Amino acid sequence: MNRVMLDWRLLPLPLILACGQPDVAPPENIVAQLSTDIVTVVHVTWTTSEPSVGYVQFGRTEDMDGRTPLEAEPRTNHSATLLGLTSDTQIHYRVVTWDGEDAAASGRGTLRTGKLPLALPTIVKTGTGHDSYTIVPLLGATTAVAILDGEGRYVWYRSDDRDLDIYRARISRDGNSILYNAASVSGDLADNSEIVRVPLDGSQVTSTPVPLLAHDFVELPDGTLGAIAVEYRDFEGAPLRGDKIIEVAADGTQTVIWTSWDCFDPTVDQGDDMISHGWTFANALDYDPQDQAYYIGMRNFSSIAKIDRATGACLWVLGSTAATITFDDAAPRFLHQHQFEVRGDRILIFDNDGSPAMESRVLEYSLDLQNGVANHVWSYLSDPTVFSFVLGEPTRLDNGDTLINWSAAGQIERVTPDGESRWKINTPAGYAFGFHTLAKTMYPRPTPN
Amino acid sequence: MARMARMARMARMARMARHRVLSRCLPCLLALLACIHSVRAAAGGYYWGAKGARALGRAGAATARADDFSAVMLNPAGLARVGTTLLQLGNRVSYNRQVYTRMPTLDWSDLDQGVPRYVEFDPVHNNLPWQPLDPMMGVVSNLGLRHWGFALGVQAPAGVAKQRFPASGGQRYMMLTREAQFLYYTASVAWKLRDIVGVGATFQWIHVPTLRYELVVDATQFPGHVNPVSSELDMRASIESADPFTANAILGIWYRPLAAFELAASGQLVPAQVKAHGSLRIEPVSTEIDDDVVLTRDGKAADDVTLTMPLPLSARVGVRYIHNVHHRERFDLELDLTYETWSVVQALIMDGNGLEGELLGQRLDVGRIAIDKNWRDTIGVRVGGDFSLLPQRLTLRAGISYESAASKPAYANVDFLGARQLGASVGLSVYLRGLELALAYSHRRQPALRVRESESSVYQVVPGSQCRPPYADPLTCNEHYPGKPSAPANAGTYEAAYHHASLGVIYRF
C-alpha cells in the first residue's frame, strides 16, 4: 500500500520562505593592525563579495566620529589607513561599504595604538587647544616631523636621522603624504639637500634632490613644488650668496622662477649682515594661487617681496630694504623677520629682532597698496616674553585667534585678538619647532587644479 | 391530530411572538445604526481577515458556511438558509503590533571630507496598537418567507484603522499617521431553491467618515541635492478627507448536491474606488522655521485635495464537508480560496489640482503626491470548521489561513503592510435557548520582510525636485541615486503580528 509520507526535511522550507530577502552582504575578512613604522597609524584591510567602495569609521569612543576617505573606485579587496590617532589609546572601528545602492557595515572592533618612541620630546600643554592638526618639524636632540592634534598630542611622527635639519613640513595636496625639506641653512650649506615625501602610512619614502635648499618650500595646486634655494654669483670678485625660487615639477624637472638679482642690485640694496649671512638670505616662502605670485621673505633685507610667478618681477616690497611700501609714522618696524602670512590686505609677520628688548613679537599691518602705505594694526608679545632668534611663524585662525610658533623657544601659542593667551604647548629645553602648517583634517581632499 | 393541531398553533404563536419582539427591537437597532457615527468606530483600513466571531473562529473559512449576518460580506446567498430572524451584535478587539526598522544608509547630505555618515535607525513601532472598537451589527430575517433571507446592518471591514509612528522615526518619509474609517452599510437579499441551491446579493454603501494620512516630504529645491536621513526643510504633509458615498455590491451562490457536501462562491464585482475630498496642510517639521507654508491655486488661497484609493474586486469559492449524525450536523470542514484584485491599487494619489505651496519665498509644486503601491492580486487560502461538542449547547471551531502578499517588497510601506500573512484561529459558541454567544481569537503574523535600498521603489517625496525620468540628469538628479527620483524611503525590515479577539451575540427569534 502506498502511503503518503511527510518529508520532515521540507519543514524548514516555509521558515526559509518566510524570512524575506537576505541582508546586504557585509564586509568580510577584516584585518586591522598597527603600522610597523608609526605606532599611531593603523592599517585596515577587508574584502567584499561584490565590488564596492568603502571607508573605515573609527574613533576613541563608540561614537567613532572619524572616517577615512571613501574609496574612489569599486573593488573587492580594500584597504584604508587610520590617521589622527593618539598613542597608547584604545580605538573603535568598523568598515562601511556602499555597493552603489546598499550600505552595509561590519561589526565593531577595537585596537590599541602603540607607545611613542622615547626619542620624541614630551610636549606640555596648557589651556584649550584648537581644531586643526599642526604639521611641524622638531629640531634638537631628535630631528623629526610630527603632526600634533589640537591638544598638542602626537598623532604622527617620523624621525629623520640624516645629518640635516628640517625647517618645513606639510601634508601633500593629494592627501597621501607628508612633504618636508631636509636642508642646512646655518653653517655649511648642503649639496645633498632634498624634498622628502613620506606616505602617511610610513611606507616607501621618496625624495627629490634639490641642492642648496633653504628654509622653506610650498606646494602649488597642481603639485608643483616651489622652494627657496641658495644661488651664488660673482660680486666684486667674490661669490655672493643670493637666493632663488626653484620649481620642481612632478617629473622632477627643476626650473628657476626668480633670483635675488631679478629685483635687487647688490651695489644698491645691501641690507644687514652681508658678510656673515650673505646677501638677501631668503628664509620664508608663500604662494598665492589666485594671483599666481610668490611671497618671499628676506632676513638680511628685513623685507618681504611679492613676486610675479610668470615674469619674476617684484610687484611690491615691504620692509627696510628696497621697499616700495612705506610704513606709517607710528608703525613699528620688523627686523630679521621669518615667516609671515598675507591674508587679503593684511600681513602678519613674525618679527624676530625688531623689538627693542631681547624678545620676538608678531606684527600685523594693513597694506594700502594704492598709496603704498603699511599701517600697523596689531602686535603681540608673549607673556613672559620669548626670543626666537631664528624661524617663527604666525597664522591667523578662522575664528580670529592667532597661532604663533615661537620656534627656537620651543613654544606654540594661541592668542585671541585682544591678546589673551588661550593655549600653549612647550617642548623641553633643547628642542625647537620648525615652520608649521595647519590642516583641518588628516585626510585632505586633493585640490582641483 | 388534535395534538398536531395544538403544536401547529403553538408554533404559529411562537412565530408571532418573535415578530412582536422584532418589531419592538427594530427601532432600537435603527437607533444603534444611526449612532455609530458618533462612536467613530475604529474601522478597518485596506482590509484583510474576517469579521464576526463565528467566521473569525474558523479563520474566515465560511463562504459556504455563511449562516449569520457575516454572510452579507462572505456570501449573501447564505442568508436564505438562516430560516428565522436573528439579531447579531459583535465587536472585535485587536492588538496590531507593527515594527519597522529602516535599513542603514549612507547620508550623502552629511559629508565629512566627502565621506558620508553611516546611519543606523532604531526600530519604530505603531504607537496605536490597540484597536478596541471594531463593531458589526445587523439583523437577518426571512420575514416569514421560507425561501428568502433579508439582512440589514453596518460593519467596518477587517483591518488596521489607525497607525501612528514617530515623527522622527526612520519611516517618516513613508508615513507618520494614517487613520482610515470605513463603514459599510449593507442591505442584502437571498433566495434558495429548497436546500439545494441559493443565491444572494448585498448592496453596500461605503461611507468613509475619516481618511487621514500624514507623511514627511522634503521641500529641498537645490538641484541634485538629496537628504536621505533628514532635511532642514522637512515638511509634515497632512491630508484629511472624507467620502460620504461609494457604492458596491456582492453576489453569492451556494449549491448543496449532497447532504454532506456543499459548494459556494461569492464575489465583489463592481469596480469602485474611494474618492475622498478634504484638505492638505503642510507645516515645517523644524521648530526653527517660523514661517507657515501658504497654499494657493491660481494665486488664491486654497487647500482642497482629493485622495483616491481604488478598491479591489474579489472572488471567493468554498467547498464544505458536513458530517451529520442522526440528521444533525456534528462537524464541518471548509476550504476557501479567495482572489482579490489588489493590482488595481497602483498608487494612493493626492491630487491637489495645481496646488502650490510657498515657503520662505520658494514655490513648491504640491499639485500631486503619489504614494506608489504597484500592488498585485492576492490569493488567500483558509481552512476551518465547527465541531459540535455538546449539540445545541457548545460548539468549538478552529481554522488556519494564508494570504499572499499584495505588496511587492520593492513597494513595501508601513501604511499598509501588504506582505504575506499566516493566521490561526480558535473559537467557540455557547447556546442558551435563542441566544448564542460566540467568542474567537485569531493570531496573524507577517513574517519579517526585508527590503534593501537596491530593491526599493518607494522614494522620498521631494515636491521641489527638478529630477525627471529617467532620473539620469547629473545637473538635477543626485549622482548616488542614478535612475531614481530621490533617496529610497522604504528599505528596511517589516514585522507585524496581530491579535484579534471577537465577541458576537446572536439572538434567534
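On a predicted model such as this, the values are computed, not experimentally measured, just so you know.

Cut-off values and rules
Residues numbered from 1 in each chain as written. Chains lettered and ligands numbered in written order. Predicted model: local features only at pLDDT ≥ 70, side-chain atom pairs only at ≥ 80, totals over all residues. Helix = DSSP H or I, 4+ residues; strand = E, 2+ residues; numbered from the N terminus. Buried ≥ 20, exposed ≤ 12 C-beta atoms within 10 Å, placed from the backbone. Rg over C-alpha atoms; globule rule 2.2 N^0.38 Å. Contact = placed C-beta atoms within 7 Å. Pairing = 2+ DSSP bridges. pLDDT = per-residue confidence, 0-100.

### Observations concerning the overall build of chain A
Link 1 in the chain: Along its length, chain A carries 3 helices and 34 strands.
Link 2 in the chain: Overall, the C-alpha framework of chain A stretches about 125 × 45 × 45 Å when taken along its three principal axes.
Link 3 in the chain: The buried share among the 449 residues of chain A stands at 42%.

### Focus: the overall build of chain B
Link 1 in the chain: Secondary structure summary: chain B contains 4 helices and 27 strands in total.
Link 2 in the chain: For chain B, the C-alpha radius of gyration of 26 Å lies close to 23 Å, the compact-globule estimate for 509 residues.
Link 3 in the chain: In terms of overall dimensions, chain B has a C-alpha envelope of 100 × 45 × 35 Å along the principal axes.
Link 4 in the chain: Of all 509 residues assigned to chain B, the portion counted as buried reaches 49%.
Link 5 in the chain: In chain B, the share of contacts with a sequence separation of at least 24, taken over all contacts with a separation of at least 6, comes to 74%.

### Considerations on the sheet that holds strand β21 (residues 362–365) of chain B
All names here are of chain B.
Link 1 in the chain: Reading across from one edge, β15-β14-β20-β21 is the order of the 4 strands in this open sheet, with antiparallel pairing throughout. Of all strands in the sheet, those with a lone pairing partner are β15 (300–301) and β21, marking the two edges.
Link 2 in the chain: Bridge analysis of strand β20 (residues 356–359) against β21 gives 4 bridges, and the strand direction is antiparallel. Note that in β21 the partner of E356 across the bridge is D365.

### So, the interface of chain B and chain A
Link 1 in the chain: Taken together, the contact pairs 18 residues of chain B with 20 residues of chain A.
Link 2 in the chain: Here the side of chain B that touches chain A gets 5 residues from one element, more than from any other, and that element is strand β26 (residues 435–451) of chain B.

### Considering the confidence of the model for chain A
Link 1 in the chain: Per-residue pLDDT for chain A averages 91, and the proportion of residues at 70 or more is 94%.
Link 2 in the chain: Note on residues 1–21 of chain A: pLDDT is under 50 here. Beyond four places in sequence and across chains, it has 12 contacts.

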